[in-house]
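Residue strings, one per chain:
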Amino acid sequence: MDEIFTEMRSLPQGYAAIVIGQGAIGTAIADALEADPRSGTVLRLSRRTTPAADVCDAETLDAAAAWAADRIDAAHLVFVATGALTLQGRGPEKALPQLDPAALLTSYRLNAVGPILALNAFRRLLSRQERSLFAALSARVGSIGDNGLGGWYGYRASKAALNQLLRTASIELARSRKQAVIAALHPGTVESALSRPFRPDGAAADGIFTPEESACRLLGVLDGLTPERSGGFFAYDGAPIPW
């Protein structure tokens, strides 16, 4: 995908968007949407906003969804840009002896359970009459078919679980929202706090995107997806990634 994103052409003029997560990519996603001349309202939420939207706390998600419902008639785009690779000071496991049950469960809770809870809380806001989009950040390492290196047990497994949860939800939502698209998106290697310990120095290195570059690519991919491709797992260039 060589075209640079400038606007969500597939959404109606004045569309409403909600971005959950205000890390490097989430902030860049929200900034790009606010700069879109076709956008109407862009709501930014995270566990530090008021109201809070903590993907590890279903009650805050429900409250944030109720707050959003008072401000928009419907959401045309909900983007969950949360996740973590290093948890409680522990980096990704490289070998079986490094596995820790508590850390594994924390990874599942944040990277898999959190985004699907967000979808459950905000699904009532997704437009029924018009096209609606829901996306969550996944990762290529969550691909089982593309795993040739091993390691990173918790992160890989939690992202694979996320992909399955989103795929399952896409089938359910298609019954009531014929124009809805649900997608798991791989942002590439991005200059961010998440990737910094595991990438070469400098955002200009080959294959490393700035948050703004990644955000525009992801939004461009999402804009081009049809309902027939809902529930898929896609890279920043629009290519499908093996499960």
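All figures in this text were calculated on a predicted structure; none of them were measured in a lab.

A word on the sheet that holds strand β3 (residues 77-80). Read from one edge of the open sheet, 6 strands run β2-β1-β3-β4-β5-β8, paired in parallel fashion. Whereas interior strands pair on both sides, the edge strands pair on one side only; in this sheet they are β2 (39-45) and β8 (232-235). Averaged over all adjacent pairs, the angle separating strand axes in this sheet is 20°, with direction ignored. Bridge analysis of strand β5 (residues 180-186) against β8 gives 4 bridges, and the strand direction is parallel. Bridging across to β8, Leu-185 finds its partner in Phe-234. Helix α1 (residues 24-35) contacts β1 (15-20), β2, β3 and β4 (132-137) of the sheet and is inclined by roughly 160° relative to β2. This element, helix α4 (residues 153-173), spans β4, β5 and β8 of the sheet and lies at about 170° to β5.

Moving on to the pairing of β3. Where burial is concerned, the two faces of β3 agree: the one with Leu-77 and Phe-79 and the one with Val-78 and Val-80 are both buried. Looking at chain direction, β3 and β4 are connected through 4 bridges and run parallel. The partner of Val-80 across the bridge, within β4, is Ala-136. This β-α-β element, β3 to helix α3 (residues 101-122) to β4, shows right-handed connectivity.

Another aspect to go through is the packing of aromatic side chains. A full pass over the atoms with the stated rule returns 3 aromatic pairs. Seen from their ring centres, Trp-152 and Tyr-155 are 6.3 Å apart, and the 70° between their planes marks the pair as edge-to-face. With a relative accessible area of 9%, Tyr-155 lands in the buried category. Judged by centre distance (4.8 Å) and plane angle (75°), the rings of Phe-209 and Tyr-236 are edge-to-face. On the criterion of sequence distance, the pair formed by Phe-209 in strand β7 (residues 208-209) and Tyr-236 in the segment after β8 is long-range, its members being 27 residues apart.

Running from N to C, helix α2 (residues 58-69) and α3 point in directions that differ by 35°, and their axes come no closer than 9 Å. Crossing hand, α2 versus α3: right-handed. Mapping the contact onto sequence places Ala-58, Leu-61, Asp-62, Ala-64, Ala-65 and Ala-68 in α2 and Gly-114, Leu-117, Ala-118, Ala-121 and Phe-122 in α3. Tallied by class, residues from the contact of α2 with α3 come to 9 nonpolar, 1 polar and 1 charged.

Across the 7 residues of β5, 7 count as buried, placing the element largely inside the fold. Along β5, one buried face is formed by Ala-180, Ile-182, Ala-184 and His-186 and the opposite face, lined by Val-181, Ala-183 and Leu-185, is buried too. Where β4 lies against β5, 6 bridges are found, and the strand directions are parallel. Within β5, the residue paired with Ala-136 across the bridge is Ala-184. Handedness of the β4-α4-β5 crossover: right-handed.

What follows covers the environment of Val-42. With respect to the helices and strands, Val-42 occurs in strand β2. Sequence separation of Val-42 and Asp-31 is 11 residues, and the distance between their C-alpha atoms is 9.0 Å. Apart from residues no more than four positions distant in its own chain, Val-42 is found in contact with Ala-17, Ala-30, Leu-33 and Glu-34.

Before going further, it helps to examine unusual backbone geometry. That bond from Thr-50 to Pro-51 is cis: its omega, 0°, falls within 30 degrees of zero. Within the secondary structure layout, Pro-51 lies in the loop between β2 and α2. Within the chain, Gln-88 stands out as a residue other than glycine whose phi angle is a positive 50°. Mapped onto the secondary structure, Gln-88 falls in the loop between β3 and α3. Note on Gln-88: relative accessible area 69%, which makes it exposed. Phi angles above zero are rare outside glycine, and Trp-152 is one such case at about 55°. Along the chain, Trp-152 turns up in the loop between β4 and α4.

What counts and what doesn't
- Residues numbered from 1 in each chain as written.
- Predicted model: local features only at pLDDT ≥ 70, side-chain atom pairs only at ≥ 80, totals over all residues.
- Heavy atoms only, no water.
- Pairing = 2+ DSSP bridges.
- Helix = DSSP H or I, 4+ residues; strand = E, 2+ residues; numbered from the N terminus.
- Axes fitted to C-alpha atoms, helices over the stretch in contact; angles between N-to-C directions.
- Contact = heavy atoms within 4.5 Å.
- Buried < 20%, exposed > 50% of the residue type's maximum accessible area, 1.4 Å probe, protein only.
- Right-handed = clockwise from strand over helix to strand, strands pointing away.
- Phe/Tyr/Trp six-rings, centres within 6.5 Å; stacked < 30°, edge-to-face > 60°.
- Left-handed = near helix turned anticlockwise from the far one by under 90°.
- Nonpolar A, V, L, I, M, F, W, Y, C, P; charged D, E, K, R; others polar.

Just distances and angles here, no functional claims.
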